[in-house]
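# Topology and contacts: notes
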Amino acid sequence: MTPEQIMHHSNGIWTCSGCGDIVDRLECEYSPAQLAEMKSVRETAERMAASDPQIRGISCYISPFEFDEVFWENLPNFEDDKIRPALLDIAARKLQRLYERSNRDMSVPDHLPLKPLASAIKTIIKGDGDDPAAFLNRAAAHPYPHSRPAGVNHTAALRKAAEIVGSWAACIPSHFWSGTGWHIHHVNVLIAACHPQTRVVCESPIRVVGTGCGRHDHTADRGEILHLKVMGTGSLVNNLNWQLGIAFVKGKMLTTSTLRLAGRLWPRDFHSAQWEEEFDSYEQVVRKLAEGWQPIGFVDMNSGQSALNDRMHPEAFEIELQITPSELEECLYRCSKIRRARALQRQWGWSFEFTDAYFKRELDLTMIQAASDELRTRLGPPPYWHRGESPPLVRVGERNIKFLARNGVIAFYSEWAQQF
């Protein structure tokens, strides 16, 4: 072999220092073909454990030797339909034995904390000695059906929560935190809409910074404790508030994931560089929800507000929509008014001030544009140095709505109608 061939990664095998010394001996008892076979088995097994969510979840309950043995038995083709059932069967039998030995009490000493998957399986799945693989995969009934849609995989929800909370905790400097108890972060969140049949996700999710709270530790009296909370997802151009809560305490799991309105849509900061993009995303998601799409959410595994370094968990949390169709229609109506206000601001070169009068249904978009055009014609070409206002445009109750331009600000306001 040439020096380049010898140094190429395809000719390398990653080992510990002890095994490396054995391989590098001149009298090594393992042939190149055997070493290549070892490398193929280990890399294939690790690739499956890292990329397959189901296998990743159970791999920590199977010893490395047993895990790789399944792949050795399926050389050279590594057929997935044979490897997957074998791994599931091994993991199910181990977890079932753990469940039986614990006498249905999963409390363990502090130095031996349970992993979330084992706790979840103990809590929400009944054992079945005849079919261990079914024991591992059986769907669980949620104790609070109003909190989540039926059929949600709660084992997966616990695993996601543990991965996110653990990643947040890893971002905390050790001298600021003891390693146990609650920790609070600013985290990036994505709120999107998903088609109920095709599961296609809308192109432009809403990206906001929310508040994330987490805890994952073990106590002698309460066992494993896992909490994940996300809240406060409103922003300057978004009034959707996603509240996510996952709690696993004393062997019981409680979840809630709801989407509600955080007040009326009342945008600010038109001059923000990201305003247009954020508003487009908000309007697209609300429109999809009004069409019957389902809300879903993603949580950043990094702590902090930077969008450049976000690392969203690849799996979405399903969300229960607690916004009525009439409320969604009102949001879309206000979106149309906000877009027209943005257009008027560009035409005038002045700031637009939002008022309650501007969002009245009686003041339609045609009326708004006509009032603006008439006043601009009357004031002459820009720059507009004079104060001006339109005649009453429409009467709402006992008040008239007018269009006003003054001191670099344009607005629609209401005044008491004069009685004659």
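Predicted model, so just to flag it, every value in this text is computed and none were measured.

Time to look at the environment of Leu404. With respect to the secondary-structure elements, Leu404 resides in strand 12 (residues 399–406). For Leu404, a relative accessible area of 12% corresponds to the buried category. Spatially, the C-alpha atoms of Leu404 and Glu389 are 4.3 Å apart, while their sequence positions differ by 15 residues. For Leu404, the residues in contact, after removing those within four places along its chain, are Arg387, Gly388, Glu389, Val409, Ile410, Ala411 and Tyr413.

The tally for this structure, following the rule as stated, stands at 16 aromatic pairs. Look at Trp348 and Phe403: their rings are 5.9 Å apart centre to centre, the planes differ by 65 degrees, and that puts the pair in the edge-to-face class. Remark: Phe403 occurs in strand 12 and Trp348 occurs in helix 11 (residues 325–348); sequence separation between them is 55 residues. Phe403 matches Trp348 in its accessibility class, with the two residues each being buried. Here Phe352 and Tyr358 contribute two aromatic rings whose centre-to-centre distance is 4.9 Å and whose plane-to-plane angle is 65 degrees, an arrangement assigned as edge-to-face. Phe352 sits in the buried class, given a relative accessible area of 8%. When the ring centre of Tyr333 is taken as origin, the NZ or CZ atom of Arg361, which lies over that ring, is 3.9 Å away. Above the plane of the ring of Trp416 lies Arg399, whose end atom (NZ or CZ) is 4.7 Å from the centre.

Once that is clear, we can look at the packing of helix 10 (residues 275–290) against helix 11. Packing of helix 10 against helix 11 leaves a shortest axis separation of 9 Å and a crossing angle of 155 degrees. When the axes of helix 10 and helix 11 are compared, the pair comes out roughly antiparallel. You can see that helix 10 and helix 11 cross each other, and the crossing is left-handed. Touching Trp275, Glu276, Phe279, Asp280, Tyr282, Glu283, Val286, Arg287, Leu289 and Ala290 of helix 10 are Leu328, Cys331, Leu332, Cys335, Ile338, Arg339, Arg342 and Arg346, all from helix 11. The class makeup of the residues in the contact of helix 10 with helix 11 is 11 nonpolar, no polar and seven charged.

So, how was this worked out
- Residues numbered from 1 in each chain as written.
- Predicted model: local features only at pLDDT ≥ 70, side-chain atom pairs only at ≥ 80, totals over all residues.
- Heavy atoms only, no water.
- Helix = DSSP H or I, 4+ residues; strand = E, 2+ residues; numbered from the N terminus.
- Buried < 20%, exposed > 50% of the residue type's maximum accessible area, 1.4 Å probe, protein only.
- Contact = heavy atoms within 4.5 Å.
- Phe/Tyr/Trp six-rings, centres within 6.5 Å; stacked < 30°, edge-to-face > 60°.
- Lys NZ or Arg CZ within 6 Å of the ring centre and 35° of its normal.
- Axes fitted to C-alpha atoms, helices over the stretch in contact; angles between N-to-C directions.
- Parallel < 35°, antiparallel > 145°, perpendicular 65-115°, else oblique.
- Left-handed = near helix turned anticlockwise from the far one by under 90°.
- Nonpolar A, V, L, I, M, F, W, Y, C, P; charged D, E, K, R; others polar.

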